[in-house]
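Chain residues, written in single-letter form:
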Amino acid sequence: MLAPNADPDTASAVVAGVLRDVAKREAAVSFREIKARSRAMPPTRDARAALLRGGCGVIAEIKLSSPVFGPTGVARGDIADVARAIEEGGAHLIACQTERLRFDGSLQDMRLAREAVELPMVCRDVIVDPYQIHEARCYGADMVPLQVGILEEARLSALLDRAESLGMVVMAEVRTPEEADRALKVGASVIAVNSWTFDTNDLHRGAFAEIAPGLPSEVIKISLGGVQTPRDLIDAAACGADAVLAAEAIMSGDNVRAATRALAAAGQHPACPSRR
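Residues numbered from 1 in each chain as written. Predicted model: local features only at pLDDT ≥ 70, side-chain atom pairs only at ≥ 80, totals over all residues. Heavy atoms only, no water.

Draft legend 1. Here's a closer look at the nonpolar core. One finds Ile 62, Ile 86, Val 144, Leu 233 and Ile 250 to be the most contacted residues of the largest nonpolar core, which totals 81 residues. In this view, Ile 86 contacts Ala 60, Ile 62, Ala 91, Ile 94, Ile 250, Met 251, Val 256 and Thr 260; residues no more than four positions away in its chain are not counted. Ranked by size, the runner-up nonpolar core spans 17 residues in total, among them Ala 50, Ile 59, Val 190 and Ala 243. (Core = buried A, V, L, I, M, F, W, Y, C linked by side-chain atoms within 4.5 Å. Buried < 20%, exposed > 50% of the residue type's maximum accessible area, 1.4 Å probe, protein only. Contact = heavy atoms within 4.5 Å.)

Right, dumping it as structure tokens:
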């Protein structure tokens, strides 16, 4: 399952933990049942259109904690209010961190956020099993990530096809030019360059500027990680970002709406290229 260049210790530990959790959930709700439920869901919200609304869009991520920064100060009971504040602040999409092992997230968090707003919802998790694709759809995901660096090609391609068959958009997360090439090979049309390493949680701020110029013009490009200020967003847009995913810049302050609005306004600055 792991890609050849994945760090065997860290990646294997994370994947093993994810698969243990999946097995527990599948024991309660069978794969057959979760597939049926996912295919009976209402249509997805149009994440692709939201990414291309004009300027450089903001994907605001809701999370309760992170292995780097610790607790964000957002409580589970606040998730619906936080989602509404993000929507009012002008974000194009909302991401919700659902990974339990490292981020204390849950799929129920994403459901709460999606029910509170009209924006498309991005599930932020380590997805390695087909069960998770159907499960994410059942809880309201309109876009799902696939970590290119930890998936071998056949699994990556199969998961991408399965997600798209349910009407979801796949965000292929890459960290190197080689991973970007692998994402393109399996047909990914939305690529997020993640500036955070998967194994050590180090930040490489130049990752997007190094990788994005080599991507085809038709690919939707997302800068993920390291966007703290409006200036950071404008810099990412100048390198070709159609959108940025921001978490701490929005979650760490006292006013989620104002923090989102500051980034969203920067994304509509004339200096930000637009596909429209």
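Draft legend 2. View of unusual backbone geometry. The residue Asp 104 is not glycine, and still its phi comes out positive at about 55 degrees. Assignment of secondary structure puts Asp 104 in the loop between α5 (100-103) and α6 (107-116). (Helix = DSSP H or I, 4+ residues; strand = E, 2+ residues; numbered from the N terminus.)

Draft legend 3. Expanded view of the packing of aromatic side chains. Counted by the stated rule, this structure contains 1 aromatic pair. Directly above the ring of Phe 31 sits Lys 35, whose terminal nitrogen or CZ lies 5.0 Å from the centroid. When the ring centre of Tyr 139 is taken as origin, the NZ or CZ atom of Arg 111, which lies over that ring, is 4.3 Å away. (Phe/Tyr/Trp six-rings, centres within 6.5 Å; stacked < 30°, edge-to-face > 60°. Lys NZ or Arg CZ within 6 Å of the ring centre and 35° of its normal.)

Draft legend 4. Spatial organisation of helix α13 (residues 256-267). Counted at 1.5 Å a residue, the expected span for α13 with its 12 residues is 16 Å, and the 17 Å between its end C-alpha atoms agrees. Among the residues making up α13, those that are buried are Val 256, Ala 259, Thr 260, Leu 263, Ala 264, Ala 266 and Gly 267. Around the axis of α13, the buried residues are gathered within 160 degrees of arc, so they sit on the same side. Buried residues along α13 sit in contact with β1 (57-62), α4 (79-88), α11 (230-238), β10 (243-246) and α12 (248-251). N-capping of α13 is provided by Asn 255, with a side-chain oxygen placed 3.3 Å from the backbone N of Arg 257. (Expected span 1.5 Å × (residues − 1). Arc of directions from axis to C-beta. Polar contact = N/O pair within 3.5 Å; in protein donor to acceptor, adjacent residues only side chain to side chain.)

Draft legend 5. Up close: the side chain of Glu 99. Among the structural elements, Glu 99 can be located in the loop between β4 (93-97) and α5. Using a relative accessible area of 3% as the deciding quantity, one classes Glu 99 as buried. When neighbours within four sequence positions are excluded, Glu 99 is seen to be in contact with Val 14, Asp 104, Gly 105, Arg 124, Asp 125 and Val 126.

Draft legend 6. Structural context of the side chain of His 92. Assignment of secondary structure puts His 92 in the loop between α4 and β4. A distance of 3.2 Å separates a polar side-chain atom of His 92 from the backbone oxygen of Ala 50. Residues in contact with His 92, not counting those within four places in the same chain, are Ala 50, Arg 53, Gly 54, Gly 57, Val 58, Leu 119, Pro 120 and Gln 268.

Draft legend 7. Representation of the pattern of salt bridges. Summed over the entire model, instances satisfying the criterion amount to 15 salt bridges. Here Arg 25 makes a salt bridge to Glu 135, at a shortest N to O gap of 2.5 Å. One end of the pair, Arg 25, is in helix α1 (residues 8-28); the other, Glu 135, is in helix α7 (residues 130-138), and 110 residues separate them in sequence. Note on Glu 135: relative accessible area 5%, which makes it buried. Salt bridges sharing partners connect three or more residues here, namely Glu 61, Lys 63, Arg 124, Glu 173 and Glu 248. (Salt bridge = Lys/Arg side-chain N within 4 Å of Asp/Glu carboxyl O.)

Structural measurements only, silent on function.
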